[in-house]
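Observations on the model geometry
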Amino acid sequence: MKKKISVHHRPSWDEYFLEMAQLVAKRSTCLRRSVGAVLVRDKRILATGYNGAPSGLKHCIEIGCLRQELKIPSGERHELCRALHAEQNALIQASLHGISVKAATLYATTQPCVICAKMLINAGIKEIVMTHGYPDKMALDFLKQAKIKLRKI
């Protein structure tokens, strides 16, 4: 008797890592936007990050969101947020564990802001693959100037 082979969709590498970024985003403690980031090189995960308060500090889901209370639009006044962004946390996790991210690809659920863009440029990221945009034209301009490949899927 022949074995029946099931036909299923095997995700592409981009789909695979973007789905992982979506899973990582579920750990977010931000009340406004859940973001996940996965740093990858040679089809291997180097580090992950999601947006949330620094280690040991209370999260917005516990104490509320100052930016929300002040009705600050998305993409503005990042300094009033108690959370680190997903991209920042992924870079910090790699650093804490001695992992170089030079020439890595960032898979993210949202386009990086200008602050994260500057960090990603200096960390040597070569490509960013994202699922959603973000209202920060300066970030896109910086990434283009740095010749970082951007793809929105």
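Model, not experiment: these values are computed from the prediction.

**Brief notes about the overall build of the protein**
Scanning the protein from terminus to terminus reveals six helices and five strands. Beginning at the N terminus, the succession of helices and strands in the protein can be written as α-β-β-α-α-α-β-α-β-α-β. The principal-axis extent of the C-alpha atoms belonging to the protein is close to 65 × 35 × 30 Å. When the 153 residues of the protein are sorted by exposure, 40% land in the buried category. The contacts of the protein with a sequence gap of at least 6 include a subset with a gap of at least 24, amounting to 54%. Total accessible area on the protein is roughly 9,600 Å²; 56% of this is exposed by carbon and sulfur atoms. Positive and negative charge centroids in the protein, built from 25 and 12 side chains respectively, lie 6 Å apart.

**Considering the pattern of salt bridges**
Evaluated as defined, the whole model comprises four salt bridges. Note that Lys-137 is salt-bridged to Asp-141, the shortest N-O span being 3.0 Å. Of this pair, Lys-137 and Asp-141 are both found in helix H6 (residues 137-145), four residues apart, which corresponds to roughly one turn of the helix. When its relative accessible area of 29% is taken as the criterion, Asp-141 is described as partly exposed. Connected through shared salt-bridge partners, Asp-14, Glu-127 and Arg-151 make up one network.

**Some words on the confidence of the model for the protein**
With 97% of its residues at a pLDDT of at least 70, the protein reaches an overall mean of 94. Here helix H3 (residues 66-69) is the element of the protein with the lowest mean pLDDT, 90, and strand S3 (residues 105-108) is the one with the highest, 99.

Calculation criteria
Residues numbered from 1 in each chain as written. Predicted model: local features only at pLDDT ≥ 70, side-chain atom pairs only at ≥ 80, totals over all residues. Heavy atoms only, no water. Helix = DSSP H or I, 4+ residues; strand = E, 2+ residues; numbered from the N terminus. Buried < 20%, exposed > 50% of the residue type's maximum accessible area, 1.4 Å probe, protein only. Contact = heavy atoms within 4.5 Å. Areas by Shrake-Rupley, 256 points an atom, 1.4 Å probe, with all protein chains shown as cover. Lys, Arg positive; Asp, Glu negative; His and termini not counted. Charge placed at Lys NZ, Arg CZ, Asp CG, Glu CD. Salt bridge = Lys/Arg side-chain N within 4 Å of Asp/Glu carboxyl O. pLDDT = per-residue confidence, 0-100.

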